[in-house]
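# Summary of the model geometry
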Amino acid sequence: QVQLVESGGGLVQAGGSLRLSCAASGRTVNLNRMGWFRQPPGKEREFVVSLNWANRATNTADSVKGRFTISRDNAKTTVYLQMNSLKPEDTATYYCAARKWGAIDYDYWGQGTQVTVSS
């Protein structure tokens, strides 16, 4: 099984920055994409950004373009979400996810980490 361990959430003032980390372990050789989703309080989960593990191609939601960036470590099976210019509406539980080769949907999910942006 693939395990995803998230870290980096916390409380930050509007306009500040925060970096989330997601470390994948297990059969990571079968993964082709990792990404981040978020779920604001009382709302449905939404896509944020994703990364093709092999070629680093990315997809980014319009709501965070220019502010959020996903990247991967060169040596570790780890992805990061660099969040800049944070807004109160970015407050949510952020989830790391991973998808296997040939899969349509994301197969693995982290436990979530809370990000709270105060105004």
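Before reading on, note that the structure itself is shown above.
The text that follows walks through the structure, step by step, so that each part is easy to find. Note that the coordinates shown come from a computational prediction; the quantities given were computed from them, not determined experimentally.

### Considering the packing of aromatic side chains
- Counted according to the given criterion, the structure contains four aromatic pairs.
- Relative to F47, the ring of F37 lies with its centre 5.6 Å away and its plane at 75 degrees, an arrangement referred to as edge-to-face. Here F37, found in strand β4 (residues 31-39), pairs with F47, found in strand β5 (residues 46-52); they are 10 residues apart in sequence, far enough to count as distant.
- Between F37 and W109 the ring centres are 4.9 Å apart and the planes differ by 55 degrees, which places this aromatic pair in the tilted class. Linking F37 in strand β4 with W109 in strand β10 (residues 108-109), this pair joins segments that are 72 residues apart in sequence.
- W109 gets classed as partly exposed once you look at its relative accessible area, which sits at 31%.

### A few points about the state of the cysteines
- Considering all chains together, one arrives at one disulfide under this definition.
- Here C22 pairs with C96 through a disulfide, and the sulfurs are 1.9 Å apart. Its S-S torsion of about -80 degrees marks the bond between C22 and C96 as left-handed, since a negative value means left-handed. With C22 in strand β3 (residues 18-25) and C96 in strand β9 (residues 92-100), this pair connects stretches of sequence that are 74 residues apart. The pair formed by C22 and C96 is uniform in burial state, with each residue classed as buried.

Analysis parameters
Residues numbered from 1 in each chain as written. Predicted model: local features only at pLDDT ≥ 70, side-chain atom pairs only at ≥ 80, totals over all residues. Heavy atoms only, no water. Phe/Tyr/Trp six-rings, centres within 6.5 Å; stacked < 30°, edge-to-face > 60°. Helix = DSSP H or I, 4+ residues; strand = E, 2+ residues; numbered from the N terminus. Buried < 20%, exposed > 50% of the residue type's maximum accessible area, 1.4 Å probe, protein only. Disulfide = S-S within 2.5 Å.

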